[in-house]
Amino acid sequence: MGRKTVHFRKRSQAEFARQFTNLCNTKSSWEVWADFVTMSATAIANACDQHGETHDAREKEYLSVINRYTKAEQQIFPELLAKLVEALEEDPEQDFLGEMFMALELGSHWKGQFFTPYSICQLMSAMTIDDRAQQIQERGWAGIHDPCCGAGALLIAARNEMVKRGLGPRQALYVAQDIDRTAALMCYLQLSLLGCAGYVVVGDTLMQPCVGPTGSPLLIAPAEGQEVWLMPAFYDKVWMYRVQFEKVMWLTMPREGK
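Below: a short report on this structure. These numbers were taken from a predicted model, which means no experiment stands behind them. (Residues numbered from 1 in each chain as written. Predicted model: local features only at pLDDT ≥ 70, side-chain atom pairs only at ≥ 80, totals over all residues. Heavy atoms only, no water.)

### What to know about the sheet that holds strand 1 (residues 142–146)
Point 1. Spatially, 1-2-3-4 is the arrangement adopted by the four strands of the open sheet, whose pairing is mixed. Of all the strands in the sheet, just strand 1 and strand 4 (227–230) have a single pairing partner and so form its edges. Shown here is a sheet whose adjacent strand axes are inclined to one another by a mean of 15 degrees, direction ignored.
Point 2. Sheet topology places strand 3 (residues 197–202) next to strand 4; four bridges connect them, and they run antiparallel. Of the residues in strand 4, the one forming a bridge with valine 200 is tryptophan 229.
Point 3. Packed on one face of the sheet, helix 9 (residues 181–193) meets strand 2 (172–178), strand 3 and strand 4 and runs near 170 degrees to strand 3. (Pairing = 2+ DSSP bridges. Helix = DSSP H or I, 4+ residues; strand = E, 2+ residues; numbered from the N terminus. Axes fitted to C-alpha atoms, helices over the stretch in contact; angles between N-to-C directions. Contact = heavy atoms within 4.5 Å.)

### A few points about the layout of surface pockets
Point 1. Taken as a whole, the second largest pocket spans an internal volume of roughly 220 Å³.
Point 2. Of all the elements in the fold, those that place two or more residues in the lining of the second largest pocket are helix 7 (118–139) and helix 8 (153–164). (1 Å grid on protein atoms, 1.4 Å probe; cavity = no way out; pocket = protein on both sides within 12 Å on 5 of 7 lines; lining within 4 Å. Points joined across faces, edges and corners; volume = space filled by probe spheres on them.)

### Some words on the pattern of salt bridges
Point 1. All chains considered together, the criterion is met by 10 salt bridges.
Point 2. Close ionic contact of lysine 83 with glutamate 15 constitutes a salt bridge, the shortest N to O distance being 3.0 Å. Residue lysine 83 is located in helix 5 (residues 76–90), and its partner glutamate 15 is located in helix 1 (residues 11–21); the two are separated by 68 residues in the primary sequence.
Point 3. Residues joined by salt bridges that share partners form a network here, namely Arg11, Glu15 and Lys83. (Salt bridge = Lys/Arg side-chain N within 4 Å of Asp/Glu carboxyl O.)

### Here's the deal with the nonpolar core
Point 1. Among the nonpolar cores identified, the biggest contains 61 residues, and Trp33 and Tyr174 are the most heavily contacted of them.
Point 2. Among the nonpolar cores identified, the runner-up in size contains 12 residues, and Leu173, Ala197, Cys210 and Trp239 belong to it. (Core = buried A, V, L, I, M, F, W, Y, C linked by side-chain atoms within 4.5 Å. Buried < 20%, exposed > 50% of the residue type's maximum accessible area, 1.4 Å probe, protein only.)

### Re helix 9
Point 1. With 13 residues, helix 9 ought to run about 18 Å at 1.5 Å a step, and its terminal C-alpha atoms sit 18 Å apart, in line with that.
Point 2. The buried fraction of helix 9 amounts to 11 of the 13 residues, a majority that puts the element mostly inside the structure.
Point 3. Every buried residue of helix 9 is accounted for by Thr182, Ala183, Ala184, Leu185, Met186, Cys187, Tyr188, Leu189, Gln190, Leu191 and Ser192.
Point 4. Structurally, the start of helix 9 carries an N-cap: the backbone nitrogen of threonine 182 is 3.2 Å from a side-chain oxygen of aspartate 180.
Point 5. Looking at the residues trailing helix 9, positive phi occurs at glycine 195, about 80 degrees. (Expected span 1.5 Å × (residues − 1). Polar contact = N/O pair within 3.5 Å; in protein donor to acceptor, adjacent residues only side chain to side chain.)

Purely geometric numbers; function is a separate question.
The structure is reproduced here in structure tokens:
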């Protein structure tokens, strides 16, 4: 049976799909997709975090995944990542991976997973961005949290609303969480490539929210078994200073009974 013909809105989507399909001759499309997302996210994360157990574990997973492909197939993965980079640079106003996920009908493997269209996320962000702008005026930055992030469309739209107002990566902390690892890493990939500062947590938001007892999104408190993926822009010295300041404030805060 021949493959279903898919019509794409943009040339970048068609080119990405063509290269992606070349990897699906001996493996299922959902397996290839998960492998692409995992290896791309690892390449970005380990470029910033170059030491420690987390780095080593991700590097080990990367090698395990890439070695399942032939030398010729291995060369396609960086080309796919390059296509993603080019697409977001050409037009940041999109959820590229979310649209590709739906167009390639990958949701059937993930039990009918459906990502919110980017146009709806744009509307939601435009309606709520004033609250974030007020927080920035008061303390210099604002937290923007999506507890069920999917591929990150809502946070991408929020980022673009911030840019329209002349606000940059030092003025917004993007916190994302999703129970599905592949979806969470899709979000991590896109937000990282768009220059956002923040982190993505893989885990159940309802059972184990990523924000700890302090209530501050700067002080990450992952539960056992959760993964935290720091975006490259979060390593900026301004954010590192804010994290340290928040720790000091928490440690010196009066406690009941003391």
